[in-house]
Amino acid sequence: EFGYDAYDIVKSQEDLTRQESAVVSVWNEIAAAAADESAPCVMGGSVFEFSDEWWKGATDDENGGLLGCPDANPFRQRPCGVQADQFHDRHLSEEYMGLLAQSQGRGSYCLAPRPAFQGLARAWGGAVDMQALTPAELCAPVVDEWAFAAWLLVAFVLLLACLPT
């Protein structure tokens, strides 16, 4: 698993170039090691994370709570995170880890590819024509929590009905 958050806690803003550079660099290291027959076995890597994780809401002790953390509200994004010395700003915010940025529109959640998404696409030998994607492909209706819970309950009951007795 590899990834890099897009939020720079020192600058208090996203740093999309740094995220793209870090993610593509790690992938290139994985690919080079996999191609080197004299290197130890490399099985690949899994990118962390496909989209931002707004529900994380980790504590933020090193900033004394100035960022409004912890904040587990999944309907807003905050740079809450944890100290992580391996990052340039010594801060890891999983709410900004996505290759796709998450935003909340009117009645929907939308995903917008960050440069790291396109950087990996190029590293993997392709590209995505982002102009060809329609808003309907990048947005989904907001699901009411109770409706979702009811759907899960129905799915669980149906699953139980399918199990042998």
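Notes on the structure in this doc start here. Please read all numbers here as calculations on a predicted model, not as lab measurements. (Residues numbered from 1 in each chain as written. Predicted model: local features only at pLDDT ≥ 70, side-chain atom pairs only at ≥ 80, totals over all residues. Heavy atoms only, no water.)

## Points about the overall build of the protein chain
Thought 1: Helices and strands together make up the secondary structure of the protein chain, namely 4 helices and 7 strands.
Thought 2: The order of helices and strands in the protein chain, counted from the N terminus, is β-β-α-β-β-β-β-α-α-β-α.
Thought 3: Pairs at least 24 residues apart make up 53% of the contacts formed inside the protein chain by residues separated by at least 6 positions.
Thought 4: Accessible area of the protein chain: about 10,400 Å², with a carbon and sulfur share of 60%. (Helix = DSSP H or I, 4+ residues; strand = E, 2+ residues; numbered from the N terminus. Contact = heavy atoms within 4.5 Å. Areas by Shrake-Rupley, 256 points an atom, 1.4 Å probe, with all protein chains shown as cover.)

## A few points about the packing of aromatic side chains
Thought 1: Per the counting criterion, the structure on display carries 4 aromatic pairs.
Thought 2: An angle of 25° between the planes, with centres 6.4 Å apart, marks the rings of Phe2 and Trp27 as stacked. Placement of Phe2 in the segment before strand E1 (7-8) and of Trp27 in helix H1 (residues 16-35) is noted, with a sequence separation of 25 residues between them.
Thought 3: Phe2 gets classed as buried once you look at its relative accessible area, which sits at 7%.
Thought 4: Since its relative accessible area comes to 17%, Trp27 is described here as buried.
Thought 5: With a centroid separation of 4.6 Å and 50° between ring planes, the pair formed by Tyr4 and Phe87 is classed as tilted. (Phe/Tyr/Trp six-rings, centres within 6.5 Å; stacked < 30°, edge-to-face > 60°. Buried < 20%, exposed > 50% of the residue type's maximum accessible area, 1.4 Å probe, protein only.)

## Quick notes on the side chain of Asp52
Thought 1: With respect to the secondary-structure elements, Asp52 resides in the loop between H1 and strand E3 (82-83).
Thought 2: Residue classification places Asp52 among the buried residues on the basis of a relative accessible area of 0%.
Thought 3: Side chain to side chain, Asp52 and Arg114 meet in a polar contact 2.7 Å long. (Polar contact = N/O pair within 3.5 Å; in protein donor to acceptor, adjacent residues only side chain to side chain.)

## Notes on the nonpolar core
Where a protein is soluble and globular, its nonpolar side chains tend to be buried together.
Thought 1: Within the largest apolar cluster, 15 residues are counted, with the highest numbers of intra-cluster contacts made by Val23 and Leu120.
Thought 2: Leave out the neighbours within four places in its chain, and Leu120 touches Val23, Val24, Trp27, Val47 and Leu99. (Core = buried A, V, L, I, M, F, W, Y, C linked by side-chain atoms within 4.5 Å.)

## What to know about unusual backbone geometry
Thought 1: Look at Ser12: it is not a glycine, yet its phi comes out positive at around 55°.
Thought 2: Assignment of secondary structure puts Ser12 in the loop between E1 and strand E2 (13-14).
Thought 3: Although it is not a glycine, Arg90 adopts a positive phi angle of roughly 60°.
Thought 4: Relative to the assigned elements, Arg90 resides in the loop between E3 and strand E4 (91-92).

## A closer look at the pattern of salt bridges
Thought 1: In the structure shown here, the tally under the stated rule is 6 salt bridges.
Thought 2: As a salt-bridge pair, Arg114 and Glu14 come within 3.1 Å of each other at their nearest N and O atoms. On the criterion of sequence distance, the pair formed by Arg114 in the loop between strand E6 (108-113) and helix H2 (115-123) and Glu14 in strand E2 is long-range, its members being 100 residues apart.
Thought 3: Owing to a relative accessible area of 37%, Glu14 belongs among the partly exposed residues under this scheme.
Thought 4: Notably, a salt bridge pairs Arg18 with Asp15, separated by 3.4 Å at the nearest N-O pair.
Thought 5: Under the relative-accessibility criterion, Arg18 is labelled partly exposed at 34%.
Thought 6: When salt bridges with common partners are traced through the structure, they connect Lys11, Asp15 and Arg18 into a single cluster. (Salt bridge = Lys/Arg side-chain N within 4 Å of Asp/Glu carboxyl O.)

## Regarding H1
Thought 1: Compared with an ideal rise of 1.5 Å per residue, which puts 20 residues at 28 Å, H1 spans 28 Å between its outermost C-alpha atoms and is within 8% of the ideal.
Thought 2: Buried residues of H1: Gln19, Glu20, Ala22, Val23, Val24, Trp27 and Ile30, and no others. (Expected span 1.5 Å × (residues − 1).)

## A look at the packing of H1 against H2
Thought 1: Contact pair H1 / H2: the axes reach a minimum separation of 8 Å and the direction vectors enclose 30°. What the angle tells us is that H1 and H2 run roughly parallel. H1 and H2 meet at a crossing whose hand is right-handed. For the pair H1 and H2, contact is made by Leu16, Gln19, Glu20, Val23, Val24, Trp27 and Asn28 and by Pro115, Ala116, Gly119, Leu120, Arg122 and Ala123, respectively.
Thought 2: Class assignment for the residues of the contact of H1 with H2 results in 8 nonpolar, 3 polar and 2 charged. (Axes fitted to C-alpha atoms, helices over the stretch in contact; angles between N-to-C directions. Parallel < 35°, antiparallel > 145°, perpendicular 65-115°, else oblique. Left-handed = near helix turned anticlockwise from the far one by under 90°. Nonpolar A, V, L, I, M, F, W, Y, C, P; charged D, E, K, R; others polar.)

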